[in-house]
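Overview (structure and organization)
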Amino acid sequence: MTGYLELTGLHKRYGESIAVHDVSLAIGKGEAVALLGPSGCGKTTTLRMLAGLVDPDRGTIRVDGADITRLPAHRRNMGYVFQSYALFPHLSVARNIGFGLEERGVARGDITRRVGDALALVHLAGLERRRPRELSGGQQQRVALARALVVHPSVLLLDESLSNLDAKLRDAMRHEIRSIQKSLDITTLFVTHDQVEALTMCDRIAVMHRGRIAQIGTPEDIYERPAARFVAEFVGRANALAATRDGGGIRIWGAAQPMNDPGWPSFDILIRPQRMRLLPSAEPTGDAMRVEGRVLRRAFVGDRVEVLVEGPGGQLTVELPSGGTLPEEGTAIAVAWRPQDNLIFPPDAA
Amino acid sequence: MNGAGRGLSLLAGGVYALILAPVVVVVALAFSADNFIVFPPSGFSLRWFRALAGNAPLLAALGVSVQVACAVTLLSLVIGVPAALALAKGRFRFREALTGFFLAPLLLPTLITGLALLLFFTRLRLTATLPGLALGHMTVTVPFVIRMMTTAFATLPHDIEAAAATLGAAPWRVLRRVTLPLALPGVIACACLSFLLSFDETVISLFLSGPRAATLPVEMVHYVEGRTDPLIAALSVVLIIFTLIVVVAVERLVGVARAVSK
Ligand SMILES: Nc1ncnc2c1ncn2[C@@H]1O[C@H](COP(=O)(O)OP(=O)(O)O)[C@@H](O)[C@H]1O
Ligand SMILES: [Mg+2]
């Protein structure tokens, strides 16, 4: 696959530990890709290598066909929004945003106009003369975004940009960044450890795990068709049920299941909590997957209810929309789901 | 305030009183009308300040001290700031070892430094010269500047220089537009303290001074060896006021620079 931004076999080690392990990724022009993974999996290191702030041990970085792997950071023309924002404390908001234009030798009048436009874009008009320390976290975030965008970078890189904001502001900024990204049609790599951000803000997601890319795909691909158990458990939640073979059939929690035998001696089946339903213990389920247990606890979480069910093989969580009738704690109950909602991976494929 | 707090406050007050008592005595003596050091003075006057203004050797020494201190300040910054920058930001072998090496003179008693410099400078014919005195003082001030500025550069806000680079600033532009402006409070403090360290320096100066190049502290030591009048007390008051002005100025300037840069 070819793309506007292409990383090929990017590799970086620090001493004994490998931070980024042969990462390859192609991002199309105007596309927004999320680099999603747990803390310490190598996301920031990847982003810093793209920006020229960290030298890769090997691998290449291309933008629009040109190899920029050895180009110093100040000649890469990439917009970088740092996790800490990294605003210049000694400069006003306007000078912060105009910094990149000044370095490019843009005429003073043009700088004023473009800084004004950028401030309007992030809804901060009128704050030109403030210092960064006089702004709220959300406003600082917007200044950092405007500062990165005003120079018309070839690529926009965002590192955990929303993680320092409170929940409500984070929701608003999520939509705002996405709509700015779309309206400017700017190629974007968005680092996050928050799956909601990745799922809602990007065209595609690259899930990263221990320095490697575990899967690349659309949010739907990643969620519905995870390529590895790690992806299934990191993106969204999943119940893991141990399955065993008995003659030719598969059993879970002791109950025979109407599913094909994948041929492994033992394995786990993963199911999303909201893909499961509860029904009275006596009620037949036809050709659905089914286990028996009893209600251990119910938790009301606003628009949905989580029911914790305990059975012979352990516990699982079923997620239901709130408002329906719920079984009492302690009652015997059956949990059923469709075979096509099974997520099955080879054993040891963590 | 509880009992323990009051006890500690009293103790602190006592210690301060002990430290400041000699200063009070000196200030009182400076305005003495007597011919000799008598405490308390039998009368008060400004005669010793007038005598001070007419004392050619002390005024000449003051001139030497100011010249030396200015040169020392300038050179210490010119050498110390780039060295600190290299130690804090550079990537090269033996960086840790070099850091230790540059700080070592701070641990050496100035008595030993002075003696070593005397032996060394005699060969070079640098004793009793202004360059010799300045070089001697710089064995104190340069490590001091390196130490202060290494800390200042290492504690700049995270990623801020990287941000400037990604915005298109070449390394020297990052230095000029971000690193140095943010380190400015530290540089100002270093300049003022280097000046005071040099101006105050007595032990090394005693080794390196001669009849044609003596700093003010050296000349003061010589004066009190031969005379016991309140002239030195008057001079001390002038120096105390001068030092206070510098310290307050640093406080103001650095405070202002901090406020501007945060
Ligand atoms: N400058 C560095 N020196 C040594 N180890 C580092 C350095 N930067 C990152 N690492 C290590 O590399 C791994 C990946 O780090 P990072 O890219 O920051 O992860 P993430 O951004 O996904 O949380 C971590 O184990 C981290 O400790
Ligand atoms: Mg990170």
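1. What about the overall build of chain A?
In terms of helices and strands, chain A carries 8 helices and 20 strands. If one aligns the C-alpha atoms of chain A with their principal axes, the spans along those axes are about 80 × 45 × 35 Å. Looking at the 350 residues of chain A, the share that counts as buried comes to 51%. With an accessible surface of roughly 15,700 Å², chain A has 49% of that area assigned to carbon and sulfur atoms. Taken together, the 43 basic and 41 acidic charged side chains of chain A have centroids lying 5 Å from each other.

2. Regarding the interface of chain B and chain A
One frequently used descriptor of interface size is the decrease in accessible area upon assembly of the parts. Facing the 22 residues of chain B at the interface are 24 residues of chain A. Buried area between chain B and chain A, summed over both chains or domains, comes out near 2,000 Å², and the portion from carbon and sulfur atoms is 59%. Of all residues in chain B, Thr166(B), Leu167(B) and Arg177(B) give up the largest surface area on contact with chain A, accounting jointly for 37% of the area buried on that side. With a closest N to O distance of 3.1 Å, Asp159(B) and Arg48(A) form a salt bridge. One can count 6 residue pairs in polar contact (both at pLDDT 80 or more) joining chain B with chain A. The set of elements that each furnish at least two residues to the side of chain B that touches chain A consists of α7 (160-166), α8 (171-200) and α11 (231-261) of chain B.

3. Let's talk about the domain arrangement of chain A
All names here are of chain A. According to the domain assignment, chain A contains domain 1 (5-234) and domain 2 (239-345). Distance between the C-alpha centres of domain 1 and domain 2: 40 Å. At the interface, 9 residues of domain 1 touch 8 residues of domain 2. Across the domain 1 to domain 2 interface the summed buried area is about 750 Å²; carbon plus sulfur atoms make up 48%. Of all residues in domain 1, Tyr223, Arg229 and Ala232 give up the largest surface area on contact with domain 2, accounting jointly for 66% of the area buried on that side. For the interface between domain 1 and domain 2, the tally reads 2 salt bridges. As a salt-bridge pair, glutamate 224 and arginine 275 come within 2.8 Å of each other at their nearest N and O atoms. One can count 5 residue pairs in polar contact (both at pLDDT 80 or more) joining domain 1 with domain 2. Taken together, the elements giving at least two residues each to the side of domain 1 that touches domain 2 come down to α7 (219-224) and α8 (229-234).

4. Quick notes on the sheet that holds strand β11 (residues 239-246) of chain A
Taken together, the 5 strands give an open sheet; going across it, the order is β13-β12-β11-β14-β20 (chain A), and neighbouring strands pair in antiparallel fashion. Edge positions in the open sheet fall to β13 (255-257) and β20 (343-344) of chain A, since each of these has one partner strand only.

5. Quick look at the packing of helix α3 (residues 56-89) of chain B against helix α4 (residues 95-103) of chain B
Residue and element names in this part refer to chain B. Interaxial distance between α3 and α4 falls to 9 Å at its minimum, and their mutual angle equals 145°. Judged by the twist between their axes, the crossing of α3 over α4 is left-handed. Together, Ala86, Leu87, Ala88 and Lys89 of α3 and Arg95, Leu98, Thr99 and Phe102 of α4 make up the contact between the two elements. Grouping the amino acids of the contact of α3 with α4 by side-chain chemistry returns 5 nonpolar, 1 polar and 2 charged.

Reading the values: rules and limits
- Residues numbered from 1 in each chain as written.
- Chains lettered and ligands numbered in written order.
- Predicted model: local features only at pLDDT ≥ 70, side-chain atom pairs only at ≥ 80, totals over all residues.
- Heavy atoms only, no water.
- Helix = DSSP H or I, 4+ residues; strand = E, 2+ residues; numbered from the N terminus.
- Buried < 20%, exposed > 50% of the residue type's maximum accessible area, 1.4 Å probe, protein only.
- Areas by Shrake-Rupley, 256 points an atom, 1.4 Å probe, with all protein chains shown as cover.
- Lys, Arg positive; Asp, Glu negative; His and termini not counted.
- Charge placed at Lys NZ, Arg CZ, Asp CG, Glu CD.
- Contact = heavy atoms within 4.5 Å.
- Buried area = accessible area lost by both parts, 1.4 Å probe.
- Salt bridge = Lys/Arg side-chain N within 4 Å of Asp/Glu carboxyl O.
- Polar contact = N/O pair within 3.5 Å; in protein donor to acceptor, adjacent residues only side chain to side chain.
- Domains from an automatic or database assignment.
- Pairing = 2+ DSSP bridges.
- Axes fitted to C-alpha atoms, helices over the stretch in contact; angles between N-to-C directions.
- Left-handed = near helix turned anticlockwise from the far one by under 90°.
- Nonpolar A, V, L, I, M, F, W, Y, C, P; charged D, E, K, R; others polar.

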